[in-house]
Amino acid sequence: MGFFSNIFKSKYDKLTREEVVDSICKLEKEGQNIEDGLVEKQKQIDDLMVKGRKETDKQLKLYYAKKINALKAEREQDVQRAMYIMYNVQLLNKLKNAIDDNQFFKNTSKISLGNLLGDQKGLAKFLNKTLNTRVAAEDVLTSADEMFKNVEEAYDQNKTIYGMNNQDDELLAMFETEETVAAEQEMYAETPEEAKKTE
C-alpha cells in the first residue's frame, strides 16, 4: 500500500500548472470542434427535413429520412463526447485551482512569516509592546493638543487690530442701507409685460 501511495503522490508532486493548462486547452479545442460539428449536422438535418417535405418521390423521401436518422445518431454520439470533454475540463480546472491554491499558500506563508505568527507568547509580548508604544505616542500628541488649547484660550484678541471702530460701523450701516434700497427696487420693478400694459 505504501509503495502505491508513494507512486500516486510523486505523480502529483511532479505535475506542473502548465501541463494542466495545456491539457485543458487541448480538450477545449477538441470540444469546440465537436460543437462546431453538432451545429453543422443540425443544419444538414434541417435542410434534409425541408427537402423531405417538398419531395414527391417516395424513394427520395425514404433516403432523406434514413440520412436524417443517421445524422441524428452521429449527433447523439457527438453530444455525449462533448459532455465527457466538458466534464473532464471541469475536473482539470479543479486540479489547476488546487495547484494554484497550493502555490498561493506556499508563497504567502513565506511572505507572511507564518512561523513567527505560530509563536503565540512572542506575538503577545510584541503586541503589548506595540500597544504601549502607541499609547505613549498618543499621549504625547493629546498633551500637545491640550497645550495648544490652553494657550489659545489664554489669548486675548487685540481690539485695536481686530475690533470695529466708528468708521467701520458707519460703513457697515451704509452697506445695509444700500442693500435694502436695491432689494426694494427689485421688488417694485416692472416687468416688460407690465410696462406694456401701463402704456
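Predicted model, so just to flag it, every value in this text is computed and none were measured.

**Student:** Any chance you could explain the side chain of D78 here in plain terms?
**Tutor:** By the element assignment, D78 lies in helix α3 (residues 58-111). The buried category is assigned to D78, whose relative accessible area is 10%. Here D78 is in contact with I34, L38 and K41, once residues within four sequence places are set aside.

**Student:** Hey, could you run me through the layout of surface pockets in this one?
**Tutor:** Empty space among the atoms can be located by rolling a probe the size of a water molecule over them. Counted as a void, the second largest pocket has a volume near 170 Å³. In terms of lining residues, the second largest pocket is bounded by E28, G31, Q32, E35, L38, A82, I85, M86 and V89. Sorting the residues of the lining of the second largest pocket by element identifies α2 (17-54) and α3 as the ones contributing at least two each. For the lining of the second largest pocket, the element with the highest residue contribution is α2, accounting for 5 residues. Considering only residue class, the lining of the second largest pocket consists of 5 nonpolar, 2 polar and 2 charged.

**Student:** What is the right way to look at the environment of C25 in this model?
**Tutor:** By the secondary structure assignment, C25 is in helix α2. Residue C25 is classed as partly exposed on the basis of its relative accessible area of 44%. Along the primary structure C25 and V89 are separated by 64 residues, whereas in three dimensions their C-alpha atoms are 8.8 Å apart.

What counts, and at which threshold
- Residues numbered from 1 in each chain as written.
- Predicted model: local features only at pLDDT ≥ 70, side-chain atom pairs only at ≥ 80, totals over all residues.
- Heavy atoms only, no water.
- Helix = DSSP H or I, 4+ residues; strand = E, 2+ residues; numbered from the N terminus.
- Buried < 20%, exposed > 50% of the residue type's maximum accessible area, 1.4 Å probe, protein only.
- Contact = heavy atoms within 4.5 Å.
- 1 Å grid on protein atoms, 1.4 Å probe; cavity = no way out; pocket = protein on both sides within 12 Å on 5 of 7 lines; lining within 4 Å.
- Points joined across faces, edges and corners; volume = space filled by probe spheres on them.
- Nonpolar A, V, L, I, M, F, W, Y, C, P; charged D, E, K, R; others polar.

Keep in mind these values describe shape, not function.
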